[in-house]
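The chain contents come next:
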Amino acid sequence: MTEALNYRSPEMAKRIADKIREVAPKKDTVKFCHVCGTHEWTITHFGVRSFLPENVEVIAGPGCPVCIVPAAEIDEAVQIAQKGIAVTCFGDLLRVPGSSMSLMDAKAEGADVRVVYSMSDAVKMAQTESGKEFVFFAVGFETTAPSTAVEALSKPPKNFSFLVSHRLIPPAMELLLGVGDLNIDGFIAPGHVSVIIGLKPYELFPRVYRMPTVVAGFEPVDVLMSIYMLLKQVKERDAKLENEYSRMVKPEGNPKALDLMDKAFEVIAGNWRGIGRLPASSLQLRQNLAEYDARKKFGVKVEHGKDILLGCECHLVIIGKIKPDKCPMFMKACTPQKPVGACMVSSEGTCRVWAKTFQAQSKR
Amino acid sequence: MCLAIPARVVSVSGDKAQVDFGEKVLREVNVTLVDAKVGEYVLVHAGYAIQKMDQKEALETLSLWNEVLKAGQE
């Protein structure tokens, strides 16, 4: 696609970087925060930070939906798998640590845990093996939740149910603004979450918190452009909501997806690994879909889990308080091959993204 | 995980569509969430199309950027 090629043009990137230097403050440090694992991948993989002046910093917030699933919910999935029920999930989830074991450990002990590319593959498995119970471990932010809603509302097979662990991003962004000494000067809002939710949920950031907010796409040029747009707002002492990713993000989002989400889920408080309990930040299947709620169907409910292992600084990495290389375990006791914390397990975890780039660079 | 990739719709049958991710990498995706027509580009996330791409907007964005970047150089 020619558009994609243009959005990766090094020439364009250089020109935006020049503009960034023009508008960036000369001395004062500015710090922007994104909340998306795919943004961190783009930024690290394409070396976006190397295009920025030293006083312009971009940090990664809680943007990895796998990393923030609390251990208690991994424990629930493990318990279900140990009952002889087939647990299906995206590959990222397999090695995420629970309180005592991951789904991978459960699989090694004989549990039926299967990786799928798409939830529809899991539904097909349930149709083919109609004598066996199947659970899909539904993790993800607003980008992923609509697909769970689609399947939950289209009469799934009787032997199929959902372990819903979806989370909503705006409450986590709001939390970051209350973290002392994080001192964020602007948000790079997540493009593919915004494809679904549109712009409205971000309006409070400029209005209530005077926080410049730009919804951004995922090509390196998109991210650079969003940083330029934020810097311009900072320079003009303005705080508004802008949409850099207008080729995909409509102001109203995807109304059909929002409608199906509303029909399938109610919004409840939820625990986030490394963060704690956030009000109105989690989804659960509505009462009329309770027969598809794996927690109710199999009587599984774990209230508290062991989220952070001794020595692991995941909880600080998740909220952008420290960078991965400031964790004493990074690339020593904790590597992509032998991950300790959730941030090193998922391909979108900040530690994992940094580690992969670090390994690739040291091979050159 | 919020990774989503544009693909061109090749054929539609009910809530399923065959899409081309480029170089004839074809896959069936669920199109319940979008009103996809053959020839259009959709954004696919984990087997579900979540939005249609606005090609006009994509090209306009690029030309707008060029203008923004030109301004100030003069």
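Structure first, text after, so check above.
Position numbers for residues count from 1 along each chain, tracking the sequence in the order it is written. Each chain takes a letter, starting from A, and each ligand takes a number, starting from 1, following the order in which they are written. Residue-level local features of this predicted model are given only where pLDDT is at least 70; pairs of side-chain atoms are given and counted only at 80 or more, and the full residue set underlies all totals for whole chains, interfaces and linings. The side-chain numbers reported here are obtained from all heavy atoms of the structure, hydrogens and water having been left aside.

## A few points about the overall build of chain A
We apply this condition: Helix and strand definitions here come from DSSP, where helices need a minimum of 4 consecutive H or I residues and strands a minimum of 2 consecutive E residues; each element is numbered from the N-terminal end. Both definitions apply: the radius of gyration is a C-alpha atom measure, and the globule rule equals 2.2 Å times residues to the power 0.38. Exposure categories follow from relative accessible area, calculated using a 1.4 Å probe and restricted to protein chains: below 20% of the type maximum is buried, above 50% is exposed, and the middle band is partly exposed. Throughout, a residue-residue contact means that at least one pair of heavy atoms, one from each residue, lies within 4.5 Å. Computed by Shrake-Rupley with a 1.4 Å probe, the accessible areas treat only the displayed protein chains as cover when residues are assessed. A positive count includes Lys and Arg, and a negative count includes Asp and Glu. His and the chain ends are not counted in either. To locate a charge, take NZ of a lysine, CZ of an arginine, CG of an aspartate or CD of a glutamate.
Each helix and strand counted, chain A has 16 helices and 11 strands in total. Here chain A has a C-alpha radius of gyration of 21 Å; the compact-globule value for 364 residues is 21 Å, and the two agree. Seen through its C-alpha atoms, chain A measures out along the principal axes to roughly 65 × 45 × 40 Å. Each of the 364 residues in chain A was classed as buried or not, and the buried ones make up 61%. For chain A, the share of sequence-separated contacts (at least 6 apart) that also reach a separation of at least 24 residues comes to 76%. Total accessible area on chain A stands at roughly 14600 Å², and carbon and sulfur atoms take up 53% of it. Of note, chain A has its 46 positive side-chain charges centred 2 Å away from the centre of its 41 negative side-chain charges.

## Comments concerning the sheet that holds strand β9 (residues 241–243) of chain A
All names here are of chain A. Basically, it comes down to this: Strand pairing follows a simple DSSP-based rule, namely that at least 2 bridges must link the two strands. Note on definitions: angles span 0 to 180 degrees between N-to-C directions of axes, and those axes are lines fitted to C-alpha atoms, for helices only across the stretch in contact.
Pairing in this open sheet of 5 strands is parallel, and the strands run β2-β1-β7-β8-β9 from one edge to the other. For this open sheet the edge positions go to β2 (56–60) and β9, each flanked by a neighbour on one side alone. Strand-to-strand twist of the sheet, defined as the mean angle between neighbouring strand axes without regard to direction, takes the value 25°. Note: strand β7 (residues 186–190) against strand β8 (residues 213–216), 4 bridges, orientation parallel. Bridging across to β8, Ala 189 finds its partner in Val 215. In the packing of helix α11 (residues 220–235) onto the sheet, the strands contacted are β1 (30–34), β2, β7, β8 and β9, and the crossing angle to β8 comes to about 170°.

## Some thoughts on the interface of chain A and chain B
Definition in use: The term buried area means the drop in 1.4 Å probe accessible area that two parts suffer when joined, counted for both and summed. In what follows, salt bridge is the name for a side-chain nitrogen of Lys or Arg lying within 4 Å of a carboxyl oxygen of Asp or Glu.
Opposite the 47 residues of chain A that make contact, chain B presents 36 residues. Summed over both partners, the interface of chain A with chain B buries about 3700 Å², with 65% contributed by carbon and sulfur atoms. The tally of links from chain A across to chain B stands at 2 salt bridges. Notably, a salt bridge pairs A:Asp121 with B:Arg27, separated by 3.6 Å at the nearest N-O pair.

## What about the side chain of B:Asn30?
Keep this limit in mind: Nitrogen and oxygen atoms within 3.5 Å of one another constitute a polar contact, given that in protein one can donate a hydrogen and the other can accept it, and given that sequence-neighbouring residues count only through two side-chain atoms.
Of note, B:Asn30 is situated in strand β3 (residues 26–30). Within the structure, the side chain of B:Asn30 is placed 2.6 Å from the side chain of B:Thr32, a separation counted as a polar contact. Setting aside anything within four residues of it in sequence, one finds B:Asn30 in contact with A:Val150, A:Glu151, B:Asp15, B:Lys16, B:Gly47, B:Tyr48 and B:Ala49.

## Focus: the state of the cysteines
All names here are of chain A. This is how it is decided: We call a pair of cysteine sulfur atoms a disulfide whenever their separation is within 2.5 Å.
As enumerated under the stated definition, the model contains 1 disulfide over all chains in all. One disulfide bridge connects Cys 64 with Cys 67, the sulfur atoms lying 2.4 Å from each other. Where Cys 64 bonds to Cys 67 through sulfur, the torsion about that S-S bond is close to 75°, and the disulfide is right-handed. Residue Cys 67 is classed as buried on the basis of its relative accessible area, which comes to 2%.

## Here we look at the pairing of strand β1 (residues 5–13) of chain B
Residues and elements named next belong to chain B. When β1 meets strand β4 (residues 41–45), the two strands line up antiparallel, connected through 4 bridges. The partner of Arg 8 across the bridge, within β4, is Tyr 41. Linking β1 back to strand β2 (residues 16–20) in an antiparallel pair, the connection comprises 2 residues, with Gly 14 at a positive phi of about 60°.

## Here we look at the sheet that holds strand β4 (residues 113–115) of chain A
Residues and elements named next belong to chain A. In space, the 4 strands of this open sheet follow the order β4-β3-β5-β6, with parallel pairing throughout. Either end of the sheet is taken by a strand with one partner, and the two such strands are β4 and β6 (160–166). Neighbouring strand axes in the sheet, compared pairwise and without regard to direction, differ in orientation by 25° on average. Here 3 bridges tie strand β3 (residues 86–89) to strand β5 (residues 134–140), and the two strands are oriented parallel to one another. Bridging across to β5, Thr 88 finds its partner in Phe 136. Sitting on the sheet, helix α4 (residues 71–82) touches β3, β4, β5 and β6, and the angle it makes with β6 is about 165°.

## Looking at the environment of A:Phe90
The topology assignment puts A:Phe90 in the loop between β3 and α5 (103–108). Separated by 197 residues in the primary sequence, A:Phe90 and A:Gln287 have C-alpha atoms spaced 26 Å apart.

## What to know about helix α7 (residues 145–153) of chain A
Residues and elements named next belong to chain A. Burial within α7 is extensive, with 8 of its 9 residues counted as buried. Of all the residues in α7, the buried ones are Ala 145, Pro 146, Ser 147, Thr 148, Ala 149, Val 150, Glu 151 and Ala 152. One or two positions beyond α7, positive phi appears at Lys 155, with a value near 45°.

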